[in-house]
Amino acid sequence: MNDVKRKAGEQLPLVFSHDAASGRDDLLVSDRLSAAVTIIDAWPQWQSPVVILAGPVGSGKSHLASIWKEHSGAVSIHPKRGSDAAVTAANGPVLFEDVDRLGFDDTELFHVINSVRENGNSLLMTSRLWPMSWPVELADLRSRLKAATVVEIGEPDEELLSQVIVKLFSDRQLNIDDKLVLYIVNRMERSLNAAQTIVERLDRLALARGTKITRSLAAEVLNELGNSASSD
């Protein structure tokens, strides 16, 4: 997406790093995330050595995967032809993110799962789609995937998005009126990625213009991002 355009006379503020907090203590847990958080926290006592987190873009899969990777010491893999993913899986926990987007080789992923099972390790995968929708042709791999633990993560609800936006502003030492938060939540794309983008752009635009973050500024940013930001 294009950056929010600056009007004539605006100054570009100094850009400070506001890295998204990705630790376990930074995770805001709602009903839609509770099952996924429970299983991440339960590692290494997993009932199945293979766990799949399935949910839409911006639902929190990457955050959870990052927490698990740090906690478990997992290595990221991409099971494609000619890779050493199965060898890596024999040596410790492994993480395969964005399965449906990156794709995989059936045989290689089958070997990865077997390696994990045989060596007492763990495999965490993330996907926008349930494994039954993955383009799997190898019958043995389909069987392995059916034995995996699949946890669905739904879209963020209004309550969670509000909490996330408040926290993101707080991370920038900004206190925002509850009515403004509600205004943004009611008009934004329902994803955690969108929340982060909106807060970042509002902060930078307000700094550039030397103004407070207001409803009109929020409407401008939402419009720039292609969201519905019509006035009530």
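Remember, it's a predicted structure, so these values are computed and weren't measured experimentally.

Caption draft 1: Just the overall build of the protein, in detail. Secondary structure assignment for the protein yields 10 helices and five strands. Within the span of the protein, comprising 232 residues, buried residues form 46% of the whole. Pairs at least 24 apart in sequence give 74% of the contacts found in the protein among residues at least 6 apart. When the accessible surface of the protein is summed, it comes to about 12600 Å², and 47% of that surface belongs to carbon and sulfur atoms.

Caption draft 2: Seen up close, the environment of Gly 154. Relative to the helices and strands, Gly 154 is located in the loop between strand S5 (149–152) and helix H7 (158–171). Separated by 96 residues in sequence, Gly 154 and Gly 58 place their C-alpha atoms 9.9 Å apart.

Caption draft 3: Structural view of the packing of aromatic side chains. Considering all chains together, one arrives at three aromatic pairs under this definition. On the numbers, 5.5 Å between centres and 15° between planes, the contact of Trp 46 with Trp 68 is stacked. On the criterion of sequence distance, the pair formed by Trp 46 in the loop between helix H1 (31–42) and strand S1 (50–54) and Trp 68 in helix H2 (residues 61–72) is long-range, its members being 22 residues apart. A relative accessible area of 11% means that Trp 46 is categorised as buried. For Trp 68, a relative accessible area of 0% corresponds to the buried category. Members of the aromatic cluster, each reached through a chain of ring pairs, are Trp 43, Trp 46 and Trp 68.

Caption draft 4: Main features of the pairing of strand S4 (residues 123–127). For S4, the tally of buried residues reaches five of five residues, placing the bulk of the element in the interior. Side-chain alternation along S4 places Leu 123, Met 125 and Ser 127 on one buried face and Leu 124 and Thr 126 on a second face that is also buried. Sheet topology places S1 next to S4; five bridges connect them, and they run parallel. Considered in S4, the bridge of Leu 53 is made with Thr 126.

Caption draft 5: Representation of the confidence of the model for the protein within the structure. Residue-level pLDDT values for the protein average 84, and 84% of them are 70 or greater. Contacts for the low-pLDDT stretch residues 1–30, under 50 throughout, to residues beyond four places or in other chains number 56 contacts. A low-confidence stretch, residues 227–232 stays under pLDDT 50, and its non-local contacts, those more than four residues away or across chains, total 15 contacts.

Caption draft 6: Structural view of the nonpolar core. Judged by nonpolar contacts, the single largest core of 28 residues is most densely connected at Ile 165, Ile 184, Met 188 and Leu 202. Elements supplying a minimum of two residues to this core: H7, helix H8 (178–185), helix H9 (192–209) and helix H10 (215–224). Examining the composition of this core, we find that eight residues originate from one element, H9, more than from any other. Judged by nonpolar contacts, the second largest core, of 22 residues, contains Leu 109, Met 125, Leu 145 and Ala 148.

Definitions and cut-offs
Residues numbered from 1 in each chain as written. Predicted model: local features only at pLDDT ≥ 70, side-chain atom pairs only at ≥ 80, totals over all residues. Heavy atoms only, no water. Helix = DSSP H or I, 4+ residues; strand = E, 2+ residues; numbered from the N terminus. Buried < 20%, exposed > 50% of the residue type's maximum accessible area, 1.4 Å probe, protein only. Contact = heavy atoms within 4.5 Å. Areas by Shrake-Rupley, 256 points an atom, 1.4 Å probe, with all protein chains shown as cover. Phe/Tyr/Trp six-rings, centres within 6.5 Å; stacked < 30°, edge-to-face > 60°. Pairing = 2+ DSSP bridges. pLDDT = per-residue confidence, 0-100. Core = buried A, V, L, I, M, F, W, Y, C linked by side-chain atoms within 4.5 Å.

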